[in-house]
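Breakdown of the fold
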There are 2 protein chains.
Amino acid sequence: MIKQEIIAGVDIGGTNTVFGFILKTGDCLSFKSIPTQPADNVIKFIEKLSEEIKVSFQELSNDYSLAGIGVAAPSANHFNGKIESPSNLNWGKVNFITLMKHYFELPIAITNDANAAALGEYKFGIGKGLRNFIVITLGTGLGSGIIINGNLLYSEGGLAGEFGHTIVKPNGRRCKCGRAGCLETYASANGICRTVLHLIAIYNEPSELRNISFSKMTGELINDLALKRDPIAIKAFDFTGKILGKALANLATSFVPEAIILFGGLADSGELLLGPTREQFENNLLDIHKGKVKILRSSIKNGMSAVLGASSLISYSNDHHSIELMMSENIRENN
Amino acid sequence: MIKQEIIAGVDIGGTNTVFGFILKTGDCLSFKSIPTQPADNVIKFIEKLSEEIKVSFQELSNDYSLAGIGVAAPSANHFNGKIESPSNLNWGKVNFITLMKHYFELPIAITNDANAAALGEYKFGIGKGLRNFIVITLGTGLGSGIIINGNLLYSEGGLAGEFGHTIVKPNGRRCKCGRAGCLETYASANGICRTVLHLIAIYNEPSELRNISFSKMTGELINDLALKRDPIAIKAFDFTGKILGKALANLATSFVPEAIILFGGLADSGELLLGPTREQFENNLLDIHKGKVKILRSSIKNGMSAVLGASSLISYSNDHHSIELMMSENIRENN
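All of these numbers come straight from a predicted model, not from anything done at the bench. Here the residue numbers are simple positions, counted from 1 along each chain's written sequence. Lettering of chains starts at A and numbering of ligands starts at 1, both following the order in which they are written. Local features in a predicted model are, by the rule used here, given only for residues with pLDDT of at least 70; side-chain atom pairs are given and counted only at 80 or more, and totals for whole chains, interfaces and linings are based on all residues. The side-chain quantities take in all heavy atoms of the structure and omit both hydrogens and water.

A few points about the relation of the copies chain B and chain A
- When the copies are overlaid, the least-squares fit takes in C-alpha atoms only where the residue has pLDDT of at least 70 in both copies. Between chain B and chain A, which share one sequence, the superposing operator has a rotation angle of 180 degrees and an axial displacement of 0.0 Å; the RMSD is 0.0 Å. With respect to symmetry, the two chain copies, as superposed, fit the operation of a two-fold axis.
- What makes two residues a contact is simply this: any of their non-hydrogen atoms within 4.5 Å. With an isologous cut-off of 70% or more, the 97% of interface residues of chain B that recur at the interface of chain A puts this contact in the isologous class.

Concerning the sheet that holds strand 11 (residues 259–263) of chain A
All names here are of chain A.
- By the convention used here, strands pair only if DSSP detects at least 2 bridges between them. Under the DSSP-based scheme used, a helix requires at least four consecutive residues in state H or I and a strand at least two consecutive residues in state E, with every element numbered from the N terminus. Taken in spatial order, the five strands make up an open sheet running 10-9-8-11-12, and their pairing is mixed. Each end of this open sheet is capped by a strand with a single partner; those strands are strand 10 (151–152) and strand 12 (294–297).
- Sheet topology note: the strand 11/strand 12 ladder contains four bridges and is parallel. Paired with Ile261 across the bridge in strand 12 is Leu296.

Notes on the interface of chain B and chain A
- If you look at the interface, chain B gives 35 residues, while chain A gives 34 residues.
- Summed over both partners, the accessible area (1.4 Å probe) lost when two parts come together is defined as the buried area. Note on chain B versus chain A: buried area summed over both sides is about 3300 Å², and carbon and sulfur give 55% of it.
- Basic side-chain nitrogens of Lys or Arg form a salt bridge, by our definition, when they fall within 4 Å of a carboxyl oxygen of Asp or Glu. The interface formed by chain B and chain A includes zero salt bridges.
- In the analysis that follows, any N or O atom pair within 3.5 Å is treated as a polar contact, provided that within protein one partner can donate a hydrogen and the other can accept it, and provided that, for residues neighboring in sequence, both atoms belong to side chains. Joining chain B to chain A, the criterion identifies six residue pairs in polar contact (both at pLDDT 80 or more).

Concerning the sheet that holds strand 10 (residues 151–152) of chain B
All names here are of chain B.
- Read from one edge to the other, the open sheet built from five strands follows the order 10-9-8-11-12, with strand pairing classed as mixed. If you trace the sheet from one side to the other, it starts and ends with strand 10 and strand 12 (294–297), each paired once.
- Bridge analysis of strand 8 (residues 133–138) against strand 9 (residues 142–148) gives six bridges, and the strand direction is antiparallel. Looking at strand 9, one finds that Ile136 is bridged to Ser144.
- Contacting strand 8, strand 9, strand 11 (259–263) and strand 12, helix 6 (residues 231–255) crosses the sheet at an angle of about 155 degrees to strand 8. The convention used is that axes are lines fitted to C-alpha atoms, helices contributing only their stretch in contact, and that angles between N-to-C directions extend from 0 to 180 degrees.

A short note on unusual backbone geometry
- With an omega of -5 degrees, the peptide bond running from Gln37 of chain A to Pro38 of chain A counts as cis.
- Tracing the sequence through the fold places Pro38 of chain A in the loop between strand 3 (28–35) and helix 1 (42–59).
- Although it is not a glycine, Asn302 of chain B sits at a positive phi angle of roughly 60 degrees.
- Its place among the elements puts Asn302 of chain B in the loop between strand 12 and helix 8 (305–311).

Here it is in structure tokens:
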């Protein structure tokens, strides 16, 4: 019997890592979330991740063969397989692919998490049929992936663009990157928590958020309270959306994509964030660009864009190109 | 005798229009500058431009045949041949190609001036051999052209990116586009003149610029005085370069090109501008990007980047692709 090929897509986040088994159609057979632990020992993490993937694969029926593993990770370099000092994990510089190869004799590829989300939207999500768009991931931080003429833009040396680290407020909030005023210190889960503290310090409106310490605050909690009309939570989304909208307008002015697709926890807050974002986005575009660039939300269920995109780094064996060929082409283009 | 093909490249500026006859090698046989007049009547301007091209062509030896005309113009749309309300010319919306076809039975193509400069640098200038770079034109205003994977990026609907209209100072200097704080109100010939007035208002240092009215002030004049160590002129370049460097760092953070190439009058001031630009550029990059993106000056003589780039819109008849084919490919890619 010929077994059906599946590919494991892995999305490594600062807190949790999600992996799933993906069919060629983009359908996900099963997925699992595990904590990204230990956050200070990548060797141990890879050992655990590999074991979890093997166990989950064995739980599937016998009809499938595993054709490869595609990984999305922060600060990952598509060309050399390395993860380079991700800001939310204490891993330093590590060749992730080489380490994974100890556990799997399979094609393994890696790319930056926002790039993977962009690939996921392009192949299986709301970016299907678009040729030029930008995916913004709004998680703990803010990532960006760019599709141009139907291809993922790998920047110089395989590094990804880091739109979250464009400076929107000179001498603004201190960022983990060592600088100040980066967009992600405002427009991210961490950013909206900082905004809540700032707003509590300024305003007198009653708010449940006054009872919560910064360490316990989350984007989800602020979202839940905003839906219950908590005035500070609503103001926090408004403030965040406006900063994000202005920054996206600047990006779209240089770039003029067909769409900007928002993905990740904070994007799940829907109109709470998208309302003020769209308003400031349109207000800050040049007249000639107004109405031409859509702000969309990811359409992929369960936040699986990056898992799906990571899986698409590997080709199914009846595809025309093998992953090795694709990678060597990319390397050639960038040299 | 088989005549050698040449292509006319035309670069329409707010004040002057330059055209030249370009060989396949990129060599320019002859070029001429005419005033872009009348600035309020595009029909008359095209009549005069066409006549000038014909006269100059006849002045060449009989060994050449004219294979086509490529035009670079502000606010030009590559796909529909239109120029749409350029901010420095009172032309409104006009189909430039259709009008030019009254005078020439030849292939004619048009693109945005900054895009043309990017093509010129890519094919004949310092961008030769690079795959991903951005050209910034520093003329009266500030334009941007982007080469990605060796192709000019035509943004949505054929419009060009307008990096000069990214907002760098909220509620800053009023811009001709109707908004405030656009980069080109600081980093452009017009911008540096505004900066001089601002500096005279603040500082007490003696300066010849105190004797010159705003209407008479030019980037060239400020450059000449800076070379003579005029303290206000030097401060003006420093201020301009720093703003430009910070803005370019934000662009490079999202995008990570191999290089940013500066072109146009203000770039001709060399280290006066490039010194503070490079300093703030490097200071404002993420650590992972530092040292990876070069800031370069156009290497094409006589400011002919856009003329050369415009000529390259047309193919010589022994090329593999005709311009019609190239355009239809681009249209398909963008639909």
